[in-house]
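Coordinates in review
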Amino acid sequence: MTVLSDDDRTRIMSVARSWEGTPFHDDAKLKDIGVDCAQFVASVYVEAGIVPPFEVPRYQSQWFLHRAEELLMNFVLQYAREIDETEARSGDLVLYRIGRAYAHAAIIIAWPEEIIHAHKLSGMVLSARPFDNDLRHAPVKFFSL
């Protein structure tokens, strides 16, 4: 698996920031129109040229409340490797456990100061502190493409 270069990480952050303000919308992936957290991170990595275009499998928006199956994490592991928190850098991915599974994804801008994510509670893609609002006590795992 290829390690992200500094140029890759800069490109990921630039593309991610270009999505800021896009409204949150389950199962959508249109910049400035609507996107959810999984589609957001997938779209950023594709647009930044890190991975080739691919489809995120359809899923129910609240699957994580009723099932412990790690749908999101298992999908992420097809493209990334899990890393320790001490290795997390800009452009890497953080997954949050929500409900019964790791079901929320964000791109790290600077850990542990800033992430960018499509956040349902906020209603849009925005940069935020990693443990604000509903993420305050959520367990996390880290991944690098």
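Relevant structure appears above.
Quick look at the structure, then.

About the cut-offs
Residues numbered from 1 in each chain as written. Predicted model: local features only at pLDDT ≥ 70, side-chain atom pairs only at ≥ 80, totals over all residues. Heavy atoms only, no water. Pairing = 2+ DSSP bridges. Helix = DSSP H or I, 4+ residues; strand = E, 2+ residues; numbered from the N terminus. Axes fitted to C-alpha atoms, helices over the stretch in contact; angles between N-to-C directions. Contact = heavy atoms within 4.5 Å. Salt bridge = Lys/Arg side-chain N within 4 Å of Asp/Glu carboxyl O.

Time to look at the sheet that holds strand E3 (residues 81–83). Here we have six strands laid out as an open sheet, ordered E3-E8-E4-E5-E6-E7, and antiparallel in their pairing. With one partner strand each, in any of the chains shown, E3 and strand E7 (124–128) form the two edges of the open sheet. The average angle at which neighbouring strand axes cross in this sheet is 35°, direction not considered. As defined by bridge partners, strand E5 (residues 101–110) adjoins strand E6 (residues 114–119) across three bridges and the pair is classed as antiparallel. Considered in E6, the bridge of isoleucine 107 is made with isoleucine 116. Against the sheet, helix H1 (residues 6–18) engages E5, E6, E7 and strand E8 (140–144), with an angle of about 110° to E5.

Our next topic: the pattern of salt bridges. According to the stated counting rule, one finds nine salt bridges in the structure shown. Notably, a salt bridge pairs glutamate 82 with lysine 141, separated by 3.6 Å at the nearest N-O pair. Here glutamate 82, found in strand E3, pairs with lysine 141, found in strand E8; they are 59 residues apart in sequence, far enough to count as distant. The structure contains a network of salt bridges with shared partners spanning Arg17, Glu20 and Glu114.

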